[in-house]
Amino acid sequence: MTVAGSSGGTPGLAANLLSSPFGLALDSTNSLYIVDLINNRIQKWLFNANSGTTVAGQANGGTGSSVTTLRYPTSIVLDSTDNMYLSDTSNYRVMFWARNASSGTTIAGITGRTYETKHILRNNLFSQNVKKIISIAVIRD
């Protein structure tokens with residue numbers, strides 16, 4: 001049973017498609033949040049919906065390092081009020097997106113792609129600890 005994306009496995013950018021879905025979370029109403037890695041966005045799928053709605057990043061898959069764009073997000077956690085904490089992996093940051101917000105805030109890491117940040121965080125520091133950082137942020141809720 002396919003609950004989101006193409007039952008035939010076709011990737012894409014349209015609201016009813018995904019490209020490399022990577023992480024999942026359920027909110028308090030059982031809506032499914034999907035980290036759409038290649039499309040640089042987070043899609044929210046309501047129960048029994050035929051398509052998703054972009055709730056973080058750009059619907060057109062645009063990438064960047066601003067407070068409204070993502071670059072290869074990989075993980076998501078929701079707190080008790082459905083705020084999002086997500087890892088924006090290629091921007092080397094963890095972001096907080098309040099429920100229904102149009103932009104996020106960096107709460108951990110360094111935004112951007114400088115050599116020093118890339119060298120330090122690529123050595124598994126970021127990938128190993130991002131879920132711990134997100135978990136700590138959610139526990140503070």
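Above this text is the structure in question.
Predicted model, so just to flag it, every value in this text is computed and none were measured.

Points about the overall build of the protein
Scanning the protein for helices and strands turns up one helix and eight strands. In the protein, the succession of helices and strands from N to C terminus is β-β-β-β-β-β-β-β-α. Within the span of the protein, comprising 141 residues, buried residues form 42% of the whole. Long-range contacts, defined as pairs at least 24 residues apart, comprise 38% of the intrachain contacts of the protein with a sequence gap of at least 6.

Here we look at the nonpolar core
In this structure, Ala25, Tyr33, Val35, Ile42, Ala56, Leu70, Ile76, Leu78, Met84, Leu86, Met95 and Trp97 together form the largest nonpolar core, which totals twelve residues. Counting residues per element, the ones that place at least two in this core are strand S2 (32–36), strand S5 (73–78), strand S6 (84–88) and strand S7 (93–97). Excluding residues that lie within four positions of it along the chain, Met95 makes contacts with Val67, Leu70, Met84, Tyr85, Leu86, Asp88, Gly104, Thr105, Thr106 and Ile107. One finds Leu18, Leu32, Ile34 and Trp45 within the second-largest nonpolar core, a separate group that totals five residues.

Here's the deal with the sheet that holds strand S4 (residues 53–57)
In any sheet, the strands associate via hydrogen bonds between backbone groups, in a parallel or an antiparallel arrangement. Within the open sheet, the four strands sit side by side as S1-S2-S3-S4. Their pairing is antiparallel. In this open sheet, the two strands that pair with only one neighbour each are strand S1 (21–26) and S4. Ignoring which end each strand starts from, the neighbouring axes of this sheet average 25° apart. Two strands pair when backbone bridges link them, and strand S3 (residues 41–45) and S4 are joined in this way by four bridges, in the antiparallel orientation. If you follow Lys44 over to S4, its bridge partner there is Thr53.

A few points about the environment of Ser7
Note that Ser7 resides in the segment before S1. Since its relative accessible area comes to 68%, Ser7 is described here as exposed. Here the alpha-carbon distance between Ser7 and Leu17, two residues ten residues apart in the chain, equals 9.6 Å.

Regarding the pairing of S3
In terms of burial, S3 is largely enclosed, as five of its five residues are buried. Neither face of S3 is open: one carries Arg41, Gln43 and Trp45, the other Ile42 and Lys44, and all of them are buried. Relative to S3, S2 runs antiparallel, the two sharing five bridges. Residue pairing for S3: Val35 is matched across the bridge by Ile42. Between S2 and S3, which pair antiparallel in sequence order, lie four residues; one of them, Asn40, sits at a positive phi of approximately 55°.

Regarding the packing of aromatic side chains
Evaluated as defined, the whole model comprises one aromatic pair. Ring geometry for Tyr85 against Phe96: centres 5.2 Å apart, planes inclined by 55°, an arrangement best described as tilted. Taken together, the residues span a long stretch of sequence, with Tyr85 in strand S6 and Phe96 in strand S7 at a distance of eleven residues. When its relative accessible area of 8% is taken as the criterion, Tyr85 is described as buried.

What counts, and at which threshold
Residues numbered from 1 in each chain as written. Predicted model: local features only at pLDDT ≥ 70, side-chain atom pairs only at ≥ 80, totals over all residues. Heavy atoms only, no water. Helix = DSSP H or I, 4+ residues; strand = E, 2+ residues; numbered from the N terminus. Buried < 20%, exposed > 50% of the residue type's maximum accessible area, 1.4 Å probe, protein only. Contact = heavy atoms within 4.5 Å. Core = buried A, V, L, I, M, F, W, Y, C linked by side-chain atoms within 4.5 Å. Pairing = 2+ DSSP bridges. Axes fitted to C-alpha atoms, helices over the stretch in contact; angles between N-to-C directions. Phe/Tyr/Trp six-rings, centres within 6.5 Å; stacked < 30°, edge-to-face > 60°.

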